[in-house]
Amino acid sequence: MKTMLIATDFSAAANNAARYAAALAAGLGLERILLYHATAGQASDHIAGLIDTLKTDLQQILGASVMITAEINSISLLKGIRLLVKTHHADMVVVGLTGENKLGRLLMGSNTARLLGSCPVPLLVIPADCVFQSVKRIAFACDFRNITQDGPYVFIKDFAGRLGAELMIVNVVSGGEPDDDFWKADEVLHTLFDPAGATYHYTGDMRVEHGIRSFSDSHEAQLVIVIAKGTRGFFSWQRHRSVIGKLTFMTDLPTVIVRLNSGSKIVADKNRR
């Protein structure tokens, strides 16, 4: 894990997200931050000045050991992010949330909503008023119906390990009693995460996003990780994106959204057909 891509429109919320990301990058031991701005027209001296100001601000947080570069182009945000992730080998993308109303809305509008399912690397979403705190506890919200042998667990363990954070794996049961698939998934999780010193927690709530937020608050987590299933059917993805979207809107915590490898073997999913 070496490079973080930060998408920005230079708004207050975007600048706050960039500052948070820079502080986190220092803790992760990253080597490079890539600032990205998608402009509707030609890059202007004004845009170049905003980039220089932001770079100076972030360099004060990071120190001289982390290189900051910038890219400006006029292609769509989604295409631009995918292109830069590929060409610059970015390991994580960062975007921010505005705080314009109670629910909030994604800083990049519908484009960022699409990133929930299409970002090729982990996506870090940062609330507008979030102030960086050292990450000591991470709540990993885990859907036991979609545990895989080759899911994105190496990234999750590496991410928590670099920060020296406790990884708290939480499953929110939204109805019914745990069945054989549940306990099979639980066994797989222990095999995967026991070596990382993870702890395991189970809670019940009919609203999954509410259960995750309540757990994160009561256990004083500084960050949340969730896995996006991908596109195994339109309805399945739409419902899962809704849960992730509501969680992102509700929580005051930064949320890392990691895509489930679409080629992974599902170990436990009693709803598959």
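The shown structure was predicted, so the numbers you read here are calculated from the model rather than taken from an experiment.

Caption draft 1: Quick peek at the overall build of the protein chain. What the protein chain contains, in helices and strands, is eight helices and twelve strands. For the protein chain, with 273 residues in total, the buried portion stands at 52%. The long-range share in the protein chain, meaning contacts at least 24 apart out of those at least 6 apart in sequence, stands at 83%. Summed over its atoms, the accessible surface of the protein chain is roughly 12,800 Å², and 51% of this surface lies on carbon and sulfur atoms.

Caption draft 2: Seen up close, the environment of Ser 214. Looking at the secondary structure, you find Ser 214 in helix 7 (residues 208–218). For Ser 214, a relative accessible area of 33% corresponds to the partly exposed category. Remark: the alpha-carbon pair of Ser 214 and Thr 203, spanning eleven residues in sequence, is separated by 9.6 Å.

Caption draft 3: Spotlight on the nonpolar core. Formed by 56 residues in total, the largest nonpolar core has its most connected members in Met 4, Ile 33, Ile 138, Phe 140, Phe 159 and Phe 193. It is helix 1 (residues 12–28) that provides the largest number of residues to this core, a total of eight residues. Residues Leu 34, Val 93, Met 168 and Val 224 belong to the second largest nonpolar core, which totals 31 residues.

Caption draft 4: Region of interest: unusual backbone geometry. With a phi close to 70°, Phe 10 is a non-glycine residue in the positive phi region. Relative to the elements of secondary structure, Phe 10 occurs in the loop between strand 1 (3–7) and helix 1. Phe 10 sits in the buried class, given a relative accessible area of 12%. At His 89, a residue that is not glycine, the phi angle is positive and equals roughly 55°.

Caption draft 5: Representation of the side chain of Ser 216 within the structure. Along the chain, Ser 216 falls in helix 7. Side-chain polar atoms of Ser 216 contact the backbone oxygen of Ile 212, separated by 2.9 Å. If we skip the residues at most four places from it in the chain, Ser 216 touches Ala 139, Ala 221, Val 224 and Leu 253.

Caption draft 6: Expanded view of the packing of helix 1 against helix 2 (residues 45–62). Running from N to C, helix 1 and helix 2 cross one another at 30°; their axes reach a closest spacing of 9 Å. Considering their axes alone, helix 1 and helix 2 lie roughly parallel with respect to each other. Between helix 1 and helix 2 lies a crossing whose hand is right-handed. When helix 1 is examined against helix 2, the residues Asn 15, Ala 18, Arg 19, Ala 22, Ala 23, Ala 25 and Ala 26 are found in contact with a partner set consisting of Leu 54, Asp 57, Leu 58, Ile 61 and Leu 62.

Cut-offs applied
- Residues numbered from 1 in each chain as written.
- Predicted model: local features only at pLDDT ≥ 70, side-chain atom pairs only at ≥ 80, totals over all residues.
- Heavy atoms only, no water.
- Helix = DSSP H or I, 4+ residues; strand = E, 2+ residues; numbered from the N terminus.
- Buried < 20%, exposed > 50% of the residue type's maximum accessible area, 1.4 Å probe, protein only.
- Contact = heavy atoms within 4.5 Å.
- Areas by Shrake-Rupley, 256 points an atom, 1.4 Å probe, with all protein chains shown as cover.
- Core = buried A, V, L, I, M, F, W, Y, C linked by side-chain atoms within 4.5 Å.
- Polar contact = N/O pair within 3.5 Å; in protein donor to acceptor, adjacent residues only side chain to side chain.
- Axes fitted to C-alpha atoms, helices over the stretch in contact; angles between N-to-C directions.
- Parallel < 35°, antiparallel > 145°, perpendicular 65-115°, else oblique.
- Left-handed = near helix turned anticlockwise from the far one by under 90°.

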